[in-house]
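Each chain is listed here by its residues.
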Amino acid sequence: MIDTVVIQPGTDTGEPSIAGVSWPAVTAGAVVSCALTLVLLAFGLGLGLSVVSPWTGAGVSATTFKIGTGLYLVVIAMLASSIGGYLAGRLRTRWVGVQTDEVYFRDTAHGFIAWAFASVLGAVLLASPASSLIGSAASGAANATAASQAGPMDGYVDTLFRSDSPAAQGAGSAQDSRGEMVRLFTSSFRNGSELKPADREYVSRVVAARTGLSQADAEKRVNEVVTQAKSDIDATRKATAQLAFWLTASLLIGAFCASLAATEGGGLRDGTWHRKAIR
């Protein structure tokens, strides 16, 4: 007599029915990490304002401030990501019937996902106020008059047109030539270049006519202002690049700390962390 055995698909595949990702634990770790980041950023802002000063020799140097800011960003990432990753690993659901290596990988993934969620959440929280400020500024600029608007090149144009007898200049012609100079400087430096020879000669003639300087002195002033503008733009570029590098380093270190802390939290959750450390 032959017995017929019917195998029903999906009855026992060897995999636990619990999902591999515990989203409540990931969300909790990410929210805590994001909150700690905001708290530490607020503290760092107050600390930074307390060590800088407009008086000469009263505060830290610009180089010290930039390096300190970068190191503080790394410390923030280490603390916030470690605590968030630890909570994501400690609070996750226990997996029954899963191999030890798989559990270790899942704990590491929980920390990494919590770090990624916190990074995206922090970017959204910081982008919303920035968008509101930009929108308000754009609205205010649209309602403002042309005389009250100020751009990044206005200070350099002020230096160009500085005169010993400003009262002798006509307001209408002064405003027209000022707007022309601002547009000329802005378009030139926006393209990553400087004033063309023809434009430089024209600017020198306008400066000589506006300030009463000789043509040689006007050309000298134009060269000094152009050099100062290029120096300031280059300093801003370098500072922005350094900040971007520090942010990248802090994010990468935060991802590593979150993943490592999650493995510790998961091991303590299952009571296997001591054996992992020994191994």
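Everything discussed here concerns the structure shown above.
Residues numbered from 1 in each chain as written. Predicted model: local features only at pLDDT ≥ 70, side-chain atom pairs only at ≥ 80, totals over all residues. Heavy atoms only, no water.

*Asks:* Where do I start with the side chain of Ser204 in this structure?
*Replies:* Tracing the backbone shows Ser204 in helix H6 (residues 197-211). A residue is classified by how much of its surface remains accessible, and Ser204, at 2% relative accessible area, is buried. For Ser204, the contacting residues outside a window of four places in its chain are Gln215, Ala218, Glu219 and Val222. (Helix = DSSP H or I, 4+ residues; strand = E, 2+ residues; numbered from the N terminus. Buried < 20%, exposed > 50% of the residue type's maximum accessible area, 1.4 Å probe, protein only. Contact = heavy atoms within 4.5 Å.)

*Asks:* I keep staring at the nonpolar core and nothing clicks. Help me out?
*Replies:* The nonpolar side chains of a soluble globular protein tend to be buried, and buried together. Counting residues in each nonpolar core, the largest one holds 14 residues, and the members touching the most others are Phe185, Leu195, Val203 and Val226. Beyond its immediate chain neighbours, meaning those up to four positions away, Leu195 contacts Leu184, Phe185, Ser188, Arg200, Val203 and Val226. (Core = buried A, V, L, I, M, F, W, Y, C linked by side-chain atoms within 4.5 Å.)

*Asks:* Could you clarify how one ought to interpret the pattern of salt bridges in this entry?
*Replies:* One side chain can pair with another of opposite charge once the charged atoms of both are near each other. For the coordinates displayed, the defined rule picks out seven salt bridges. Between Asp107 and Arg92 there is a salt bridge; the shortest N-O distance is 2.9 Å. In this pair, Asp107 sits in helix H3 (residues 100-143) while Arg92 sits in the loop between helix H2 (62-90) and H3, placing the two residues 15 residues apart along the sequence. Just as Asp107 is buried, Arg92 falls in that class too. Through salt bridges with shared partners, one network takes in Arg92, Arg94, Asp107 and Asp270. (Salt bridge = Lys/Arg side-chain N within 4 Å of Asp/Glu carboxyl O.)

*Asks:* What should I look at first to understand H2 in this one?
*Replies:* An α-helix turns once per 3.6 residues; consequently, residues spaced three or four apart project the same way. For H2, which comprises 29 residues, the first-to-last C-alpha distance of 42 Å matches the rise-based estimate of 42 Å (1.5 Å per residue) to within 8%. Looking at H2, one finds that the buried residues are Gly70, Leu73, Val74, Ile76, Ala77, Ala80, Ser81, Gly84, Gly85, Ala88 and Gly89. (Expected span 1.5 Å × (residues − 1).)

*Asks:* In this structure, what is going on with the packing of H6 against helix H7 (residues 215-270)? I would like to understand it.
*Replies:* If you want to describe how two helices pack, look at the angle between their axes and the distance between the axes. Where H6 contacts H7, the two axes come as close as 8 Å, and the packing angle between them is 115°. Along this stretch, H6 crosses H7, giving a crossing that reads as right-handed. For the pair H6 and H7, the contacting residues are Arg200, Glu201, Val203, Ser204, Arg205, Val207, Ala208 and Thr211 in the first and Gln215, Ala218, Glu219, Arg221, Val222, Asn223 and Val226 in the second. (Axes fitted to C-alpha atoms, helices over the stretch in contact; angles between N-to-C directions. Left-handed = near helix turned anticlockwise from the far one by under 90°.)

Honestly, it's all geometry; don't read function into it.
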